[in-house]
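Descriptive analysis of the structure
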Amino acid sequence: MSRIEAPRDDETVTASSLVDRLLAGLPAEAVLTDPEVTVSYAHDMASFCPAGTPAVVVLPRTVEQVQHVMRTATELRVPVVPQGARTGLSGAANASEGCVVLSLTKMDRILEINPVDRVAVVEPGVVNATLSRAVGEHGLYYPPDPSSWETCTIGGNIGTASGGLCCVKYGVTAEYVLGLEVVLADGRLMSTGRRTAKGVAGYDLTRLFVGSEGSLGIVVRAVLGLRPKPPQQLVLAAEFASAADACDAVCRIMAGGHVPSLLELMDRTTVKAVNDFARMGLPETTEALLLAAFDTPDPAADLAALGALCAEAGATQVVPAEDAAESELLLQARRLSLTALEAVKGTTMIDDVCVPRSRLGEMLAGVERIAATYDLTIGLCAHAGDGNTHPTVCFDARDPDESRRARESFDEIMALGLELGGTITGEHGVGVLKKEWLAREIGPVGVEMQRAVKRVFDPLGILNPGKLF
Ligand SMILES: Cc1cc2nc3c(=O)[nH]c(=O)nc-3n(C[C@H](O)[C@H](O)[C@H](O)COP(=O)(O)OP(=O)(O)OC[C@H]3O[C@@H](n4cnc5c(N)ncnc54)[C@H](O)[C@@H]3O)c2cc1C
């Protein structure tokens, strides 16, 4: 019988007593104990981050069931790790030893779509793309669109404050979360925020929860802001003979006051990886491929102006997509980038450094230098319009020396990002992967205050322990 860490002084918690207590408020099918099954919930997509073995996995369907789980965990002092679809890239959803994995994937109902209030009310397990399509049928738009949108959940998007391709125009998840219902560590239910167009009543606890990586409470319901659905976007692909020229084009576009609906970059390694992975037929001779789009009433005219700026910056070729289908193909290629890079050597460490756009060129040059120093393949794709780069270290995890070099180069990339006035994570979060780096970015006082906030919400330290700090 496995033992759970950190029980109360007067009590030793065994896995079976925990399971019995959970079963008192959950149906049997919502409580998974078969180790062959529960082990598959141990990791998110950052599989090289350390993870413990869950004692049990629970899949509640109601708020009351989540409350029961948290009350039980509080009584028994058992850690709880909330999970969405486990597509996270920082180990933030990784199990801790002997924890209850609380998977919210069965709470997947869209409760309301209201075109007048322009809000959707959803449970946390709703998949991002499902919501996007559902609101689209009402002529509405939910912008945050991580490349993992076909699988990742709204709860996970809130947990990581995720971004995506459209953020350069529409912003990130935080801008769309108006209100939340949250089950606290002790099982109480708290409402934050609003469903109105405006509201400033008290501290903005909604915003605090966005990006809190499951460390402050369990999101069980979210009120999300929506926008009117924009016209279909049209995409342009511009090829450059150097990454520096592509970055120059990004600067010209932003300084010129343009507002593209996406502005993405793929370097030569990424382009080749995507072609090898999915036979997309992207131009492999180019050093950097810039994808830009407009969803304005006359996207062709806007793209022409943007194409001219690319040419001024030295683009060797500027090719607007012929129609929506071709545009979607180009976006698919971009969305496949991280998956395709993983196939290069079997394992990747995906950095997520965001720098001021004006420093993008220096960031890319630095990554190239680091790849050469460590003799590694580092593919780079970026939400270039946001300055958010994903230098992706491709390595063979079976090779200890290459793995060491991968880790060192990964860290050096973050150091470079901070040096350039950036942040260690633009959208993937801290999780386990970047714990030491959070302290470097926000300093000791920042860490102390964040820990104090954590203690207010989670005095026993049972919510997703070992993440962030
Ligand atoms: C191929 C690929 C492409 C990606 N592209 C992008 C991208 O473009 N932009 C981007 O931002 N990210 C991207 N990601 C990362 C990832 O998809 C996002 O971080 C996503 O938001 C995670 O959602 P999830 O449902 O998988 O959450 P999980 O990974 O399961 O969890 C993420 C965090 O949220 C917490 N959490 C989950 N549900 C709840 C809840 N109900 N209450 C409280 N906490 C909760 C977890 O504890 C964890 O800390 C990509 C990942 C992959 C694999």
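The structure under discussion appears in the preceding block.
Everything in this summary refers to the structure shown in the same document. Computed from a predicted model, the values in this text were never measured in an experiment. (Residues numbered from 1 in each chain as written. Predicted model: local features only at pLDDT ≥ 70, side-chain atom pairs only at ≥ 80, totals over all residues. Heavy atoms only, no water.)

**Quick look at the sheet that holds strand β8 (residues 177–183)**
Taken in spatial order, the 5 strands make up an open sheet running β5-β6-β10-β8-β9, and their pairing is antiparallel. Of all strands in the sheet, those with a lone pairing partner are β5 (110–114) and β9 (189–193), marking the two edges. When strand polarity is set aside, the average angle formed by the axes of neighbouring strands in this sheet is 10°. As defined by bridge partners, β8 adjoins β9 across 5 bridges and the pair is classed as antiparallel. Along β9, the bridge assignment pairs Val183 with Leu189. Lying on the sheet, helix α3 (residues 63–76) is in contact with β8, β9 and β10 (218–225); it crosses β10 at an angle near 140°. (Pairing = 2+ DSSP bridges. Helix = DSSP H or I, 4+ residues; strand = E, 2+ residues; numbered from the N terminus. Axes fitted to C-alpha atoms, helices over the stretch in contact; angles between N-to-C directions. Contact = heavy atoms within 4.5 Å.)

**Topic: helix α12 (residues 337–345)**
Note that an α-helix has 3.6 residues per turn; residues three or four places apart therefore point the same way. Among the residues of α12, those classed as buried are Ser337, Leu338, Ala340 and Leu341. Axial view of α12: buried residues confined to an arc of 160°, hence all on one face. Looking at the buried positions of α12, the neighbouring elements they touch are β13 (262–267), α9 (268–278), α11 (324–335), β16 (347–350), β17 (377–383) and β18 (388–395). Looking one or two residues past α12, Gly346 carries a phi angle of roughly 100°, positive in sign. (Buried < 20%, exposed > 50% of the residue type's maximum accessible area, 1.4 Å probe, protein only. Arc of directions from axis to C-beta.)

**Some thoughts on the pattern of salt bridges**
Under the criterion given, the structure shown has 22 salt bridges. Salt-bridge contacts for Arg133 lead to Glu150; the nearest nitrogen and oxygen are separated by 2.6 Å. A residue pair is termed long-range when its members are at least 10 positions apart, and Arg133 in helix α4 (residues 128–136) and Glu150 in the loop between β7 (140–141) and α5 (154–160) qualify at 17 residues. Assessed through its relative accessible area of 46%, Arg133 is described here as partly exposed. The partly exposed category is assigned to Glu150, whose relative accessible area is 45%. With a shortest N-O distance of 2.7 Å, Lys169 and Asp295 are connected by a salt bridge. A residue pair is termed long-range when its members are at least 10 positions apart, and Lys169 in helix α6 (residues 167–170) and Asp295 in the loop between β14 (288–294) and α10 (299–312) qualify at 126 residues. (Salt bridge = Lys/Arg side-chain N within 4 Å of Asp/Glu carboxyl O.)

**Things to note about the sheet that holds β14**
Two strands in a sheet stick together by hydrogen bonds in their backbones, pointing the same way (parallel) or opposite ways (antiparallel). Judged by pairing direction, the sheet is antiparallel, and its 7 strands sit side by side in the order β15-β12-β14-β13-β17-β18-β16 without closing on themselves. The open sheet has two edge strands with one neighbour each: β15 (315–320) and β16. Neighbour-to-neighbour, the strand axes of the sheet open up by a mean angle of 20°, direction not taken into account. Direction of pairing for β16 relative to β18: antiparallel, over a ladder of 4 bridges. Paired with Thr348 across the bridge in β18 is Cys394. Contacts between α11 and the sheet are confined to β12 (234–240), β13, β14, β15, β17 and β18, with β12 contributing the most and set at about 55° to the helix. Packed on one face of the sheet, helix α14 (residues 400–419) meets β16, β17 and β18 and runs near 170° to β18.

**Remarks on the nonpolar core**
If you look at the biggest cluster of nonpolar residues, it comprises 51 residues, and the most contacted ones within it are Phe240, Leu290 and Cys310. Non-local contacts of Cys310, meaning those with residues more than four positions away in its chain, are made with Ala238, Phe240, Ala249, Ile253, Leu290, Ala315 and Val318. (Core = buried A, V, L, I, M, F, W, Y, C linked by side-chain atoms within 4.5 Å.)

**Looking at the site of the ligand**
With respect to spatial proximity, 37 residues lie near the ligand, and among them Pro82, Gly84, Thr87, Ser148 and Thr153 are the closest. Note that an oxygen atom of the ligand is positioned 2.9 Å from one of the backbone N or O atoms of Arg86. Between the ligand and the protein, one listed contact pairs an oxygen atom with a side-chain N or O atom of Thr87 at 2.6 Å. Burial of the ligand by the protein chains amounts to 96% of its free accessible area of 990 Å². For the shell around the ligand, the secondary structure elements donating two or more residues are β3 (80–83), α5, β10 and α12. At 5 residues, the largest contribution of residues to the shell around the ligand is made by α5. Looking at the shell around the ligand residue by residue, the classes come out as 13 nonpolar, 21 polar and 3 charged. (Near = heavy atom within 4 Å. Polar contact = N/O pair within 3.5 Å; in protein donor to acceptor, adjacent residues only side chain to side chain. Areas by Shrake-Rupley, 256 points an atom, 1.4 Å probe, with all protein chains shown as cover. Nonpolar A, V, L, I, M, F, W, Y, C, P; charged D, E, K, R; others polar.)

**A short note on the environment of Ile378**
Looking at where Ile378 falls in the secondary structure, it is placed in strand β17. The exposure class of Ile378 is buried, given its relative accessible area of 8%. For the pair Ile378 and Phe410, spaced 32 residues apart in the sequence, the C-alpha separation amounts to 9.6 Å.

**Comments concerning the packing of helix α8 (residues 243–255) against α10**
Following both chains from N to C, one finds α8 and α10 inclined at 140°, their axes separated by 8 Å at the closest point. Considering their axes alone, α8 and α10 lie oblique with respect to each other. Every pair of crossing elements has a handedness; the one defined by α8 and α10 is right-handed. Contacts between α8 and α10 involve Ala249, Arg252 and Ile253 from the former and Leu306, Leu309, Cys310 and Glu312 from the latter. When grouped by side-chain class, the residues that make up the contact of α8 with α10 number 5 nonpolar, no polar and 2 charged. (Parallel < 35°, antiparallel > 145°, perpendicular 65-115°, else oblique. Left-handed = near helix turned anticlockwise from the far one by under 90°.)

**Overview of the environment of Glu175**
In this fold, Glu175 is placed in the loop between α6 and β8. Take Glu175: its relative accessible area is 44%, and that puts it in the partly exposed class. Taking the C-alpha atoms as reference, Glu175 lies 12 Å from Gly193; in sequence the two are 18 residues apart.

**Let's talk about unusual backbone geometry**
A positive phi angle is found at Arg86, which is not glycine, with a value near 60°. Relative to the helices and strands, Arg86 resides in the loop between β3 and β4 (100–103).

**Structural notes on the side chain of Ser261**
As for its position among the elements, Ser261 is in the loop between α8 and β13. Reaching out from Ser261, the side chain makes a polar contact with the side chain of Gln233 at a distance of 2.6 Å.

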